[in-house]
Amino acid sequence: MMIQDFAAFSAVREAGLAKLLPGKPRIAVGMGTCGSGNGAEAVYHAFSSEIDARGLAVQLVPVGCFGFCAEEPLVNVWVPGHPLLMLHQVQPNHVDGILNGLGHGHLPPPEIVLCKIEEWDHLAGHVKYGTGYSDVPNWNEIPFFDGQVKIVLRNCGLINPDDIEEYIAIGGYQALYKVLIDQNPAGVIEQIKASKLRGRGGAGFLTGNKWEFLAKAAGPEKYLVCNADEGDPGAYMNRNEIESDPHSLLEGMMIAGYVTGASKGIIYVRAEYPLAVLRLERAIEHARAYGVLGDNVLGRGFKFDIETVEGAGAFVCGEETALIASLESHAGRPRSRPPFPAQKGLYGKPTNINNVETWYNVAPIVAKGPAWFTEIGSPKSAGTKVFSLVGKVQSTGLVEMPFGTPLAKFIYDIGGGGTNGRDIKAVQTGGPSGGCIPADMFDTPVDYETLAQLGSIMGSGGMVVMDEDNCMVDVARYFIEFTHSESCGKCVPCRVGLDKALRMLNGFTLGTATDKDIAALDELCRMVRDTSLCGLGQSAPNPVLTSLRHFRHEFEDHILAKRCRAGVCEDLALSPCENSCPLHMNIPRFLQLYKEERVEDAFLSVILDNPLPASTGRVCQHPCDNRCRRAAVDESVNMRDVHRLIADEVLLSDKFDTMVGRVLERRQEPTGRTVAIVGAGPTGLTCAYYLALLGHDVTVYDSRPAAGGMLRYALPEYRLPKAVLDKEIELIERLGVKFQFNVNVGEQLTLNDVGQQHDAVFLAIGTWKEAWVYLPGTELTGVIPALPFLEAMSRGQEVPVGKSVVVIGGGNAAIDSARSARRLGADVTIVYRRERNDMPAIPEEIEAAEHEGAKLVYLAAPHRIVGDKNGQVRAIEVVRTKPGEFDTSGRRRPVPTDEVIRIACDTVILAVGEKVDPDFCAASGLTIKEAGTLEVDRYSLETSRERFYAGGDLITGASNVSNAMGIGKKAARNIDRRLMGEERVANLIPDFAYQMEPPETPSQSGRHVPGEMPAAKRVQSYAEVSLGLTVGAALEESARCLRCDVRSVES
Amino acid sequence: MTEKVKVRIDGEVIAATAGQTILEVARANGKYIPALCYMEGLSAVGACRLCMVEVSGVARLLPACTTPVQEGLAVNTSSPQLESYRKIAIELLLVERNHVCAVCVSSGHCELQTLAQDHGVTYVRYPYNFPRLTVDATHPRYVLDHNRCVLCSRCVRTCAEVEGAHVWDMAGRGIQTRLVSELQRPWGESTTCTSCGKCVQACPTGAMAEKGWGVEEMTKKRAVVSRLSSIREGQ
């Protein structure tokens, strides 16, 4: 039907409305490329055949995508008079149930109901679906949609993209009609200028100004080009916009055509987007057939036509001069500007190029006015931007948010935070030309200027979230590999410079680069950025430059420590478990040796990697679990409990003496060098053990009467029996390590004395000072710090604990205190200010505390402690907090409310953290950091004083056993290298010949967990709670390992 | 385009004609700005990026060869940063292909070699690529040695813009970019090549040479190409 007057236009709109809101149920299946990829085709066909088979009066249509990619396929179901229901993750087997419910007014199964839409603002039009379904949340009550403002995506996923009548029904082509009737081109350009609309392709140039250049350019022949050559990896907003709503693009271009005097529009679209091309071509065909496009647009005498040109996939053709070259059938290579396309563009004629998304903003601005538009967004960047939020967040998809929204909102609120509890590390904005912004800068508002300040760009709106499993060096390498292969080769910096940058980055991922390469890479990337011909080369170094700026330590780790913390750079890691282990235990080796039933070899393998395998086997935070690739099959291998059993089998049996002998065999010839170690905690013991094995004469000083540090004096007996620890320490002693107990270095013995008597000194005194919260009432009797309480418990001393105890804190010390107090017969309540998931304690320990009867109160901050007239604690008042904004740690900041709760108690245990003894640090004369810890060189661990090294909690602040031991091991390696001038630690490991092939049939059984003493029984005693794995279970567990350490198998 | 403008190059006020590029004005007034892909008489493409200069009021560096002058423009042709970037660009060109001056016909008359000498590039800080490249000696009179090609495209433009034959073009992308003759046919089999040899004269290095010369013996008559071009323009 040709529309040549308003009556015809209205008639088409009525016809469209009758399709959008028919007198019968309407089912719309989201069938963008994304939906189809997730099975929407099958769902559509299932609906289609079932509706036919049942002869139902139901209208079935395909629509585009509503943006929630993680929940595809999405299906809308509308029954007249009711809200539009949005269903998610719909499969063909749901079709039956959905159709059954339709006839009877029943809702589909709750697990597939996502949300409802009662009415929708299409900006140029408004649709009222109906009210009801009170149990179903509104669309913007879903966290993923909350805060989204749909301007560009106003029609996506709601109308049939292949039906021009539906587009006209929701107000489509009205803005064009208005512009043609008003006949005021300059006024429209003024409107666009006043709206401050900026180019959405990335550069952010003011669209109105560009149009004005074109309007003023002479000549009858002018071109409008839509850049739909969306090539950024991970960005697909333009594809979705075109697939879901092609007519909005045509309308935007036609308005611009009229006001700038252009008569031809060209849409340069990627050939890799076949569905977008198809829908665009159909839309153009329909627009011509309806008289919306052609020689007499809407009967108003305006001539305009649009054609599509498919780009052949060169990334550089997104650059406007290269795009023009490509349109002219030349090779897609950019040229220098000036002349700018507005002066000399396609075929030498004035040309204006805008990104897809820019065109989508035109009709709404014309329809609703620039003032409406500038109210949305930030002062310099008006309106919204569509982002494709992908990567390591729970909810991925297309997100349209006003400019100025902080990154944290995207990543934690909309994205739902990290997957599998991983910490988010950074977000990469702007595609391969953008930069990486670290998590501690997530309060940054997203707009053109602020992103540029951080060295990144808005780009086309890609947002790739990265977590601790992503290596920033590898990420930078990946993007340079991409841009290097997409460089057109014309200018020297981009062609050769990126090639060199890639080779240098490869050197980092292989660990072969040197520390000079960091500066060289930085200089080269600046040169490429500052001297390249076009935007590709100028922006390609951004990922490297921002990573060097915000993640320099990762580059340094790769070359100075030869470590890739994320475990991505395979040449720097044995296996994911080994890489995540602070002690870098060769876990696959001991599992394989144990599987081969070589218990003694397995023990030797374990003990040479970790001198306290039975202790860590009980209390380690097991980071290996989070990295195990077996988790992709079912659950991770229980590596910690296997090495605990291996250790127990030897340490607690008559094999002990034999095995001490086998460890002694590995001891190197005496070197004649002496080393002093201050602190017999896990860090000091580990360092002492390795230095003794390496042949040095080692003396350990400790102020307490026995070795073990926190393991002995803070960890409760029920978690770590002292008999086990004693055996481990005995082994260390039998290697020749000398202990001097009850010696307080700094008092009886000065650091100078120690330094004079030894060739090197290692300080590892830990964090024995309890942090203190200052709140009214801490002076009362019955308020006790956690560490002295735990120490008194482990020494078997009497502790001043009453009948009802409140523990403040959420770390392991808090949980240990609570469980110990339970064993003293007290009622225990743990008060923590954040949410449970935020508690730093090991989750299994928190659970165990609950089983043992400890009550947990989350989201409550201590307010004051109330005493009686004798100065004895009577109660504690806590303020209810509510989760507020996300802080830069990715946790919600607790915000106090007015609600105060009073908990009656006679004892308050404060477990809010531990810190380094400031007196020791001050007396040492060594450089101290702001946090109160000792300053050391990150890699050598040397303090400000030569030959004095420091490690453990003394340099990191309160951490955990395995981290502390890892630093002790690193210190031993560094001290030995300094003393002997060569790398010798590897000499300690004998050649264990064992199978180096992945198992043909890994054990199919699930993860084995050790048995536990029943909760009711364990609160009666201090006996160990965990019973450990049985030999059978451990054998089975070791057979579950997939052997990631095997790189190649000879066939 | 005969409007006269005044520009300032390295502090010196110079009269110029609007539409001239910074490089043209500088060269006409004896100011040195290094360049490799630029050649008088050919269109400017801004590929080698050696002629980048600082222009006051502009945050970015601009190529002198394609930036037109306008009234009041103030240009800085040299600074520590520009020098450092030019050195890097020269080093990148030297490591990209296999430039072995000791066996090159153009040694002593090579623009890349001269640039390296002028900018104190006595060694390179990047590893050599050592690509395996071919030599096309199929033409009876000339030879093309890809090992020495810097992809400046002067031959391409000379052939297309001065001779009008367009035998040469660039194929491939990025570091794989190669000069090709006529649909990748060997030069000797080209049906459009007129064997005029102007491309050889335009080549800044030993990549294109006349057969029969030994090491250091090939000198090029670049002025011929420029002169021809200006004669044609005059017609």
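Rules used throughout
Residues numbered from 1 in each chain as written. Chains lettered and ligands numbered in written order. Predicted model: local features only at pLDDT ≥ 70, side-chain atom pairs only at ≥ 80, totals over all residues. Helix = DSSP H or I, 4+ residues; strand = E, 2+ residues; numbered from the N terminus. Buried ≥ 20, exposed ≤ 12 C-beta atoms within 10 Å, placed from the backbone. Contact = placed C-beta atoms within 7 Å. Core = buried A, V, L, I, M, F, W, Y, C linked by C-beta atoms within 7 Å. Domains from an automatic or database assignment. Pairing = 2+ DSSP bridges. pLDDT = per-residue confidence, 0-100. Nonpolar A, V, L, I, M, F, W, Y, C, P; charged D, E, K, R; others polar.

### Re the overall build of chain A
Turning to step 1, where the next piece is worked out: The helix and strand inventory of chain A stands at 41 helices and 32 strands.
Turning to step 2, where the next piece is worked out: Projected onto its principal axes, the C-alpha positions of chain A cover 100 × 70 × 65 Å.
Turning to step 3, where the next piece is worked out: Across the 1051 residues that make up chain A, the buried fraction comes to 55%.
Turning to step 4, where the next piece is worked out: Of the contacts formed within chain A by residues at least 6 apart in sequence, a portion of 72% connects residues at least 24 apart.

### Comments concerning the nonpolar core
Turning to step 1, where the next piece is worked out: In this structure, V29, I255, I411 and A501 of chain A together with A35 and C51 of chain B are the most contacted members of the largest nonpolar core, which totals 264 residues.
Turning to step 2, where the next piece is worked out: A per-element tally of this core places helix α18 (residues 492-510) of chain A first, with 9 residues.
Turning to step 3, where the next piece is worked out: Counting the residues that make up this core, at least three belong to each of domain 1 (4-78) and domain 2 (102-234) of chain B.
Turning to step 4, where the next piece is worked out: Excluding its chain neighbours within four sequence positions, the residues that come into contact with V29 of chain A are A40, V43, Y44, F47, P62, V63, P73 and V75 of chain A.
Turning to step 5, where the next piece is worked out: Among the nonpolar cores identified, the runner-up in size contains 135 residues, and C577, V678, Y689 and L691 of chain A belong to it.

### Focus on the sheet that holds strand β7 (residues 142-145) of chain B
Residue and element names in this part refer to chain B.
Turning to step 1, where the next piece is worked out: A sheet is described by the order of its strands in space; here 3 strands give the open sequence β6-β7-β10, paired in antiparallel fashion. Each having just a single partner strand, β6 (135-136) and β10 (208-210) make up the two edges of the open sheet.
Turning to step 2, where the next piece is worked out: Where β7 meets β10, 3 bridges bridge the pair, whose relative direction is antiparallel. Looking across to β10, one finds that V143 is bridged to A209.

### Looking at the environment of I353 of chain A
All names here are of chain A.
Turning to step 1, where the next piece is worked out: If you trace the backbone, I353 turns up in strand β12 (residues 351-355).
Turning to step 2, where the next piece is worked out: By C-beta crowding, I353 is classed as buried, having 25 other C-beta atoms within 10 Å.
Turning to step 3, where the next piece is worked out: Counting along the chain gives 85 residues from I353 to Y268, while the straight-line C-alpha distance between them is 10.0 Å.

### Digging into the confidence of the model for chain B
Low pLDDT marks regions whose predicted coordinates should not be analysed in detail.
Turning to step 1, where the next piece is worked out: Of all residues in chain B, 99% have pLDDT values of 70 or greater, and the mean over the chain is 94.
Turning to step 2, where the next piece is worked out: For this predicted complex, the interface confidence score (ipTM) comes to 0.97, while the overall pTM stands at 0.88.

### Topic: the domain arrangement of chain B
Residues and elements named next belong to chain B.
Turning to step 1, where the next piece is worked out: Domain boundaries in chain B define domain 1 (4-78) and domain 2 (102-234).
Turning to step 2, where the next piece is worked out: The gap between the C-alpha centroids of domain 1 and domain 2 is 25 Å.
Turning to step 3, where the next piece is worked out: At the junction of the two partners, domain 1 supplies 11 residues and domain 2 supplies 17 residues.
Turning to step 4, where the next piece is worked out: Counted by class, the side of domain 1 that touches domain 2 contains 8 nonpolar, 2 polar and 1 charged residues.

### Observations concerning the interface of chain B and chain A
When the parts of a complex come together, some accessible area is lost, and that lost area is often used as the size of the interface.
Turning to step 1, where the next piece is worked out: Contacts between the two partners involve 25 residues from chain B, matched on the other side by 23 residues from chain A.
Turning to step 2, where the next piece is worked out: Here the side of chain B that touches chain A gets 6 residues from one element, more than from any other, and that element is helix α2 (residues 80-96) of chain B.

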